[in-house]
Amino acid sequence: MSPVEPAEKTPADPAAEDPEPAEPVPAGLLFVPVRPGPAGCTARFFRTPLGGRTAVGFTSAARLAATLGAGQASIRLSEPALRALAAPLGVTALTVDPQFSAPATDRTAAAERERANSWRRRHPQHVGALRVTGAAAVVACLNLLIG
């Protein structure tokens, strides 16, 4: 018996040489970051660098801790379960094992900025203008009703 030699590669068309990428393989059980809520745990969704929303899962607890910190709570979900959880919220992207994350925001500084720029901080002239405008609107409505 002679050994079988490989056949010559003669592609019928150029597209046969460069196949389409394979379908993504399911990642198995993922560690999904969660945050506590009034009804239990809620999955955390993140933003991509371009601003799109994405669900995030990690293949190990060590990778989750390295990226989001050791205090980050998580649950185990399969990839299809995470996609099904995110789909009603309009989140279609899934990122597995992201390499980095942005640092947490300083909530006290953000609260201070919001308080400084709040509509509740009224200027006396603005309040007077609103009162005059409101009074004029009431008088105009009364004129329409009276005739």
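Bear in mind the structure is a predicted one, so any value in this text is a computation, not a measurement. (Residues numbered from 1 in each chain as written. Predicted model: local features only at pLDDT ≥ 70, side-chain atom pairs only at ≥ 80, totals over all residues. Heavy atoms only, no water.)

Counting across every chain of the model gives two salt bridges. In this structure, E79 and R83 form a salt bridge, with 3.0 Å as the shortest nitrogen-oxygen distance. Of this pair, E79 and R83 both sit in helix α2 (residues 79–86), four residues apart, which is roughly one turn of that helix. When its relative accessible area of 37% is taken as the criterion, R83 is described as partly exposed. (Salt bridge = Lys/Arg side-chain N within 4 Å of Asp/Glu carboxyl O. Helix = DSSP H or I, 4+ residues; strand = E, 2+ residues; numbered from the N terminus. Buried < 20%, exposed > 50% of the residue type's maximum accessible area, 1.4 Å probe, protein only.)

Taken together, the three strands give an open sheet; going across it, the order is β3-β4-β6, and neighbouring strands pair in mixed fashion. With partners counted over all chains shown, the strands left at the sheet margins are β3 (45–47) and β6 (93–96), one partner each. Pairwise comparison of adjacent strand axes, ignoring direction, gives a mean angle of 45 degrees for this sheet. Pairing analysis gives three bridges linking β3 to strand β4 (residues 53–57), with the strands arranged antiparallel. The residue bridging F46 from the neighbouring strand is T54, located in β4. (Pairing = 2+ DSSP bridges. Axes fitted to C-alpha atoms, helices over the stretch in contact; angles between N-to-C directions.)

Moving on: the side chain of D97. Its place among the elements puts D97 in the loop between β6 and α3 (107–116). In this structure D97 comes out as buried when scored by relative accessible area, which is 12%.

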